[in-house]
Amino acid sequence: MTAVLSTHGLLARYGDFQALYGIDIELHQGEAVALIGANGAGKSTLLRSIMGLLPVGREMVRLHGDPVGGTATDRMVQKGVAIVPEGRRLFTGMSVEDNLRVAIDQAARMGAKGGWTLPRLHQLFPILKEKARTQVQSLSGGQQQMVAIGRALLCQPRVLLCDEISLGLAPKVIREIYAALPEIRATGTAMIVVEQDVGLARTASDRLYCMLEGRVTLTGRSAEITREQIGKAYFGAGHGVV
Amino acid sequence: MEWFDALVQGILLGGMYAQYALGMALMFGVMRIVNISHGDLVILLSLIGISMATAWGLGPLPVLIVLVPLAVLMGWLLQKAVLNRVVGGDPLPSLIATFGLSIALQNLMLQIWSANSRSLPGHGIESQSIEIGSVYIGLLPLIVLAVATGLTWGLDLTLKRTRFGRALRAASADVEAAAMTGINPRAVYAMATAAAVGILGFAAVFQALRSTVAPADGPAQLIYAFEAVIIGGMGTVWGAFVGSMVLGISQAIGFRIDPGFGVLAGHIVFLIVLATRPQGLFGKALA
């Protein structure tokens, strides 16, 4: 079976600094894959490279087997890849509803088909209906994260990339947000979840990749990998258990 | 009564400034593009309109009907060919590029039309007036004000309610996040500049009807547009409209005090606003 999304020896650099050294990952239909690793391991860089936000070679990213590396970000969205970016990146000065409408507008413009609608999103995150007319900058962090996830879903993605969606949120809010992920997966959307919290990453994924200094150091089924293996892959050789 | 008349004349003058300021509100206030050639584009369009009127004997309305689509096309080309290459977080590259364009346009206009002042024949419309109470209101300034109000209303509604408006606001808030939501920012910017210069098509016709235009007149129009947008507050269309009124009224009252003081009075009010409320009358203070 061809992977929905795959990378092949993906290299990325910021100026003179090489951030990724030949990353190979695969994501299959309906699968959730976690990317774990310390700060600076290259997780966000990998997602940004896939989204066309960093220059990469054409053959380095494949979508349903087609080379798409370096495709413009808006064209990647059109091809069915959406991202919940690190730091949420909402459109400040606009209401919750307008933030979501931007995605609805573009999905309509591109003729993207999928099951996500505003009422369905309101079922998933009821608070978004209540706060529809509120300006996004006055929402709490958790609510903002829900808008960011909602905005990505309304792009009708077949692949959803989630970049540190638990960052800076209270444990209760994190549970609430992660509780929504199975429902998103149930629609057949495949997901890559970048997560700092290893425990959270394991429970939310089928497989995981651990990254260290721009390389994948461990991969396997989330339920089978031991803490010792993760500890070694996370910090490099010579380090103890997490 | 004399001061009331100054107020009325100021509002009417504000209607003219609002037509320059709307395009500026869109480009500078929303997209953060500093377009130094803003005024020169008005003059260029005016001169093209005047030439069309003389060559084909067209009245003001047919000139307007031809000129606005032409302006839209010019704006679209300007963004595609020049501004999309320099747009970004830093306003300086767009400033330098359009500064160059401004000089090039002025010289091009001098070459084609010479330094002479010209105006658009209005077939009498420019001298008609209506008497309300004891105040005479020129028909042309009244039309200018009505068109400015209509354009402001239309642009405000477009930004708030349409797919294009939302996409443009999203791209100005965070261009990368906009792309992540499927927006092609360059296409949206090209449409926005097309709209901004399209509005200048209206300004060009009215400017040429109510006074004369010459190739070197652009920079003064640019300053009025900047002042109106900053007085009103960045990123608000009605703010730019009210800013234009404030500028127009200040100048009209200044003229009434002393004919040499009019333009300066406008600048002084602008400086007072900048010093006491730098975010503008309708702008939100930076947190």
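In short, a report on the structure. Keep in mind the model is a prediction, meaning the values are calculated, not measured. (Residues numbered from 1 in each chain as written. Chains lettered and ligands numbered in written order. Predicted model: local features only at pLDDT ≥ 70, side-chain atom pairs only at ≥ 80, totals over all residues. Heavy atoms only, no water.)

A short note on the overall build of chain A
Along chain A, the regular secondary structure elements total nine helices and ten strands. Against the 2.2 N^0.38 benchmark of 18 Å for 242 residues, chain A shows a C-alpha radius of gyration of 17 Å, consistent with a compact globule. In terms of principal-axis extent, the alpha carbons of chain A reach across some 55 × 40 × 35 Å. In chain A, which comprises 242 residues, the proportion classed as buried is 55%. Restricting to contacts in chain A with at least 6 residues of sequence separation, those with at least 24 account for 66%. Carbon and sulfur atoms make up 50% of the accessible area of chain A, which amounts to about 10300 Å² in all. Put simply, chain A has 27 plus and 22 minus side-chain charges, and the middle of one group is 3 Å from the middle of the other. (Helix = DSSP H or I, 4+ residues; strand = E, 2+ residues; numbered from the N terminus. Rg over C-alpha atoms; globule rule 2.2 N^0.38 Å. Buried < 20%, exposed > 50% of the residue type's maximum accessible area, 1.4 Å probe, protein only. Contact = heavy atoms within 4.5 Å. Areas by Shrake-Rupley, 256 points an atom, 1.4 Å probe, with all protein chains shown as cover. Lys, Arg positive; Asp, Glu negative; His and termini not counted. Charge placed at Lys NZ, Arg CZ, Asp CG, Glu CD.)

Focus: the interface of chain A and chain B
Between chain A and chain B, the residue contacts involve 22 residues of the former and 17 residues of the latter. Counting across the chain A and chain B interface gives five salt bridges. Across the contact surface, chain A and chain B share six residue pairs in polar contact (both at pLDDT 80 or more). If you list the elements that add at least two residues to the side of chain A that touches chain B, you get α2 (73-78) and α3 (96-110) of chain A. (Salt bridge = Lys/Arg side-chain N within 4 Å of Asp/Glu carboxyl O. Polar contact = N/O pair within 3.5 Å; in protein donor to acceptor, adjacent residues only side chain to side chain.)

Concerning helix α10 (residues 237-257) of chain B
A rise of 1.5 Å per residue sets the reference length of α10 of chain B, with its 21 residues, at 30 Å; its end C-alpha atoms lie 31 Å apart and thus fit the reference within 8%. The N-cap residue of α10 of chain B is T236 of chain B: its side-chain oxygen and the backbone nitrogen of G239 of chain B are 2.7 Å apart. (Expected span 1.5 Å × (residues − 1).)

Regarding the sheet that holds strand β9 (residues 207-212) of chain A
Residues and elements named next belong to chain A. If you walk across this open sheet you meet the six strands as β6-β7-β8-β3-β9-β10, and the pairing is mixed. A single partner strand is all that each edge strand has here, and the edge strands are β6 (81-84) and β10 (215-221). Here the strands of the sheet are splayed against their neighbours by 15 degrees on average, with no regard to which way each runs. Summarising the sheet, β9 and β10 pair through six bridges and their orientation is antiparallel. Among the inter-strand pairings, L208 is bridged to a residue of β10, identified as G220. Of the strands in this sheet, β6 and β7 (159-163) are in contact with helix α6 (residues 141-153), which crosses β6 at around 175 degrees. (Pairing = 2+ DSSP bridges. Axes fitted to C-alpha atoms, helices over the stretch in contact; angles between N-to-C directions.)

Considering the pattern of salt bridges
Applying the stated criterion to the full structure yields twelve salt bridges over all chains. A salt bridge links R48 of chain A to E176 of chain B, with the nearest nitrogen and oxygen atoms 3.0 Å apart. Placement of the pair is R48 of chain A in helix α1 (residues 43-50) and E176 of chain B in helix α7 (residues 175-180), with the two residues belonging to separate chains. Via salt bridges that share partners, R48 and R89 of chain A together with D174 and E176 of chain B belong to a single interconnected network.

A closer look at the environment of W113 of chain B
Residue and element names in this part refer to chain B. Secondary-structure assignment places W113 in helix α4 (residues 92-113). Expressed as a C-alpha distance, the spacing of W113 and L47, which sit 66 residues apart in the sequence, is 7.6 Å. If we ignore the near neighbours within four places in the chain, the residues touching W113 are L44, L47, I48, S51 and R118. Separated by 2.7 Å, the side chains of W113 and S51 make a polar contact.

Side note on the layout of surface pockets
All names here are of chain A. Taken as a whole, the second largest pocket holds about 200 Å³ of empty space. Taken together, 18 residues form the lining of the second largest pocket, with K113, G114, Q156, P157 and R158 sitting closest to its centre. Considered class by class, the residues forming the lining of the second largest pocket number five nonpolar, nine polar and four charged. (1 Å grid on protein atoms, 1.4 Å probe; cavity = no way out; pocket = protein on both sides within 12 Å on 5 of 7 lines; lining within 4 Å. Points joined across faces, edges and corners; volume = space filled by probe spheres on them. Nonpolar A, V, L, I, M, F, W, Y, C, P; charged D, E, K, R; others polar.)

Notes on the pairing of strand β1 (residues 5-14) of chain A
Residue and element names in this part refer to chain A. Relative to strand β2 (residues 17-27), β1 is paired through eight bridges, and the arrangement is antiparallel. Among the inter-strand pairings, S6 is bridged to a residue of β2, identified as E26. Following β1, the chain reverses through two residues before pairing antiparallel with β2; G15 in that reversal takes a positive phi of roughly 60 degrees.

A few points about the packing of helix α2 (residues 38-56) of chain B against helix α8 (residues 185-210) of chain B
Residues and elements named next belong to chain B. Running from amino to carboxyl end, α2 crosses α8 at an angle of 60 degrees, the nearest separation of the two axes being 8 Å. Overall, the two elements α2 and α8 adopt an arrangement that is oblique. Two packed elements cross with a definite hand, and for α2 against α8 that hand is right-handed. Seen from α2, the contacting residues are H38, L41, V42, L45, S46 and I50; seen from α8, they are V197, L200, G201, A203, A204, Q207 and A208. (Parallel < 35°, antiparallel > 145°, perpendicular 65-115°, else oblique. Left-handed = near helix turned anticlockwise from the far one by under 90°.)

Concerning the sheet that holds β1 of chain A
Residue and element names in this part refer to chain A. The four strands are arranged β2-β1-β4-β5 in an open sheet whose pairing can be described as antiparallel. At either margin of the open sheet sits one strand with a lone partner, and together these are β2 and β5 (66-67). Seen against the sheet, α1 touches β1, β2 and β4 (61-63) and runs at an angle of roughly 110 degrees to β1.

A word on the nonpolar core
By size, the foremost hydrophobic cluster in this structure holds 81 residues, and its most contacted members are V63, L67, L120 and L168 of chain B. Here this core takes 13 residues from α8 of chain B, the largest share from any one element. What L168 of chain B contacts, discounting residues up to four positions off in sequence, is L26, V30, M31, L159, V188, Y189 and A192 of chain B. V77, L128, A180 and A190 of chain A belong to the second-largest nonpolar core, a separate cluster that totals 72 residues. (Core = buried A, V, L, I, M, F, W, Y, C linked by side-chain atoms within 4.5 Å.)

Fair warning: the whole summary comes from geometry, so function is off the table for now.
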